[in-house]
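Residue-level structural notes
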Amino acid sequence: MLTIKDLQKVYNGTAVVQLPELLVNTGEAVGVVGNNGAGKTTLFRMLLDLVRPSKGQVHSKGTNVALSEDWKTYTGSYLDEGFLIDYLTVEEYFKFIADLNGLSQGDVLERLEPFHDLFNGEVLQQRKYIRDFSKGNQKKIGIAAALLSNPELLILDEPFANLDPSSQIRLKNLLKKLRQERQMTMLISSHDLNHVIEVCERIVILEKGQLVQDMQTTENTLQALEAYFTV
Ligand SMILES: Nc1ncnc2c1ncn2[C@@H]1O[C@H](COP(=O)(O)OP(=O)(O)OP(=O)(O)O)[C@@H](O)[C@H]1O
């Protein structure tokens, strides 16, 4: 699905991402972990053509993401609040996304059904602008919007951050369900090692922009990650 070749991003003379090669197969869920400043967000921004690489390319289904818009039809993503339109209500925002994707009001309601527990009665019909929601609820809105188009590829940056414990568990279960039912390809960055290994069958560790480990998730992965991050 994704082919990253010789990818580099340099800021102020320092390579903050430097990846000779990284392949993400169709149907694979890859967790990206690494300490603050490891380059996770910068990598995701390059995957989504939001930041131009200093060197190298990202291909999605064989197409360079910087040279085509085709990948946008099957890619859902949420990195931060910049993805929202904060002066709209939630319903207006979902309608905007629905119109972009040719979805009816009925489709939207059906596709939001799996979010019922995660929304916890605090997201829909609130009669307020997105900017007036809490950070956690804004994140739920963004993730739901990313999934409205039923994408083949989902890219989420720290989806569990800012969520309360119940919401983290609900989101984790929702992502696991999407994996099981739709074999959705996922790239998820997270500082929550427990949750990310439950959702993803493969974990890559970034350190100072470099890929230092690439492992399949097993019953020993949490221990291995904890050992790695214990300094
Ligand atoms: N626009 C920018 N200009 C200069 N430096 C930048 C810019 N964006 C990111 N960086 C730097 O690139 C490095 C990687 O940052 P990035 O946000 O990708 O890391 P991260 O792994 O997502 O970190 P965190 O876990 O803290 O979110 C950091 O040193 C950061 O300061």
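Keep in mind that this is a model prediction, so the values were computed, not measured.

1. Describing the site of the ligand
Taken together, Tyr11, Val16, Gly34, Asn36, Gly37, Ala38, Gly39, Lys40, Thr41 and Thr42 form the complete shell of residues around the ligand. Among the elements that line the shell around the ligand, the one with the most residues is helix α1 (residues 40–47), at 3 residues.

2. Quick look at the sheet that holds strand β8 (residues 185–189)
Spatially, the 6 strands line up as an open sheet ordered β6-β7-β8-β3-β9-β10, and their pairing is mixed. At either margin of the open sheet sits one strand with a lone partner, and together these are β6 (75–78) and β10 (210–216). The average angle at which neighbouring strand axes cross in this sheet is 15°, direction not considered.

3. Let's talk about the UniProt feature "domain: ABC transporter" (unreviewed entry) in the protein
The residues that UniProt annotates with the feature "domain: ABC transporter" (unreviewed entry) are residues 2–230. For residues 2–230, helix accounts for 34% and strand for 27%, while the C-alpha atoms at its two ends are 31 Å apart.

4. Section: the sheet that holds strand β4 (residues 55–60)
The antiparallel open sheet is built from 4 strands, whose spatial order is β2-β1-β4-β5. The strands lining the two open edges of the sheet, one partner per strand, are β2 (14–24) and β5 (63–64). In this sheet, β4 lies alongside strand β1 (residues 2–11) in antiparallel orientation, the contact comprising 5 bridges. What sits directly across from Lys5, in β4, is Gln57.

5. A closer look at the environment of Leu7
By the secondary structure assignment, Leu7 is in strand β1. Since 22 C-beta atoms lie within 10 Å of it, Leu7 is described here as buried. Between the alpha carbons of Leu7 and Val90 there is a distance of 36 Å; along the sequence they are 83 residues apart. With sequence-adjacent residues up to four places away left out, Leu7 is seen in contact with Val17, Leu19, Met46, Pro53, Gly56 and Val58.

6. Comments concerning the confidence of the model for the protein
For the protein, per-residue confidence averages 96 on the pLDDT scale, and 100% of positions sit at 70 or higher. Complex prediction metrics read pTM 0.96 and ipTM 0.98.

7. A short note on unusual backbone geometry
Positioned with a positive phi, Asn162 is a non-glycine residue whose angle comes to about 75°. Relative to the elements of secondary structure, Asn162 occurs in the loop between β7 (153–157) and α6 (165–182). A tally of 15 C-beta atoms within 10 Å means that Asn162 is categorised as partly exposed.

8. A short note on the environment of Val199
Position of Val199 among the secondary structure elements: in helix α7 (residues 193–199). Between the C-alpha atom of Val199 and that of Ala98, which follows or precedes it by 101 residues, the distance is 27 Å. Not counting chain neighbours up to four residues away, the residues in contact with Val199 comprise Ala29, Gly31, Lys172, Leu175, Lys176, Arg179 and Ile188.

9. Looking at the packing of helix α2 (residues 90–100) against helix α5 (residues 135–148)
Between α2 and α5, the shortest axis-to-axis distance is 10 Å and the interhelical angle comes to 25°. Our classification of the angle between α2 and α5 gives roughly parallel. For the element pair α2 and α5, the recorded crossing hand is right-handed. Counted together, Val90, Tyr93, Phe94, Ile97 and Ala98 of α2 and Ile141, Ala145 and Leu148 of α5 form the full contact between these two elements. In terms of residue class, the contact of α2 with α5 is built from 8 nonpolar, no polar and no charged.

Parameters at a glance
Residues numbered from 1 in each chain as written. Predicted model: local features only at pLDDT ≥ 70, side-chain atom pairs only at ≥ 80, totals over all residues. Near = placed C-beta within 6 Å. Helix = DSSP H or I, 4+ residues; strand = E, 2+ residues; numbered from the N terminus. Pairing = 2+ DSSP bridges. Axes fitted to C-alpha atoms, helices over the stretch in contact; angles between N-to-C directions. UniProt positions renumbered as here; feature names shortened; annotations may be inferred. Buried ≥ 20, exposed ≤ 12 C-beta atoms within 10 Å, placed from the backbone. Contact = placed C-beta atoms within 7 Å. pLDDT = per-residue confidence, 0-100. Parallel < 35°, antiparallel > 145°, perpendicular 65-115°, else oblique. Left-handed = near helix turned anticlockwise from the far one by under 90°. Nonpolar A, V, L, I, M, F, W, Y, C, P; charged D, E, K, R; others polar.

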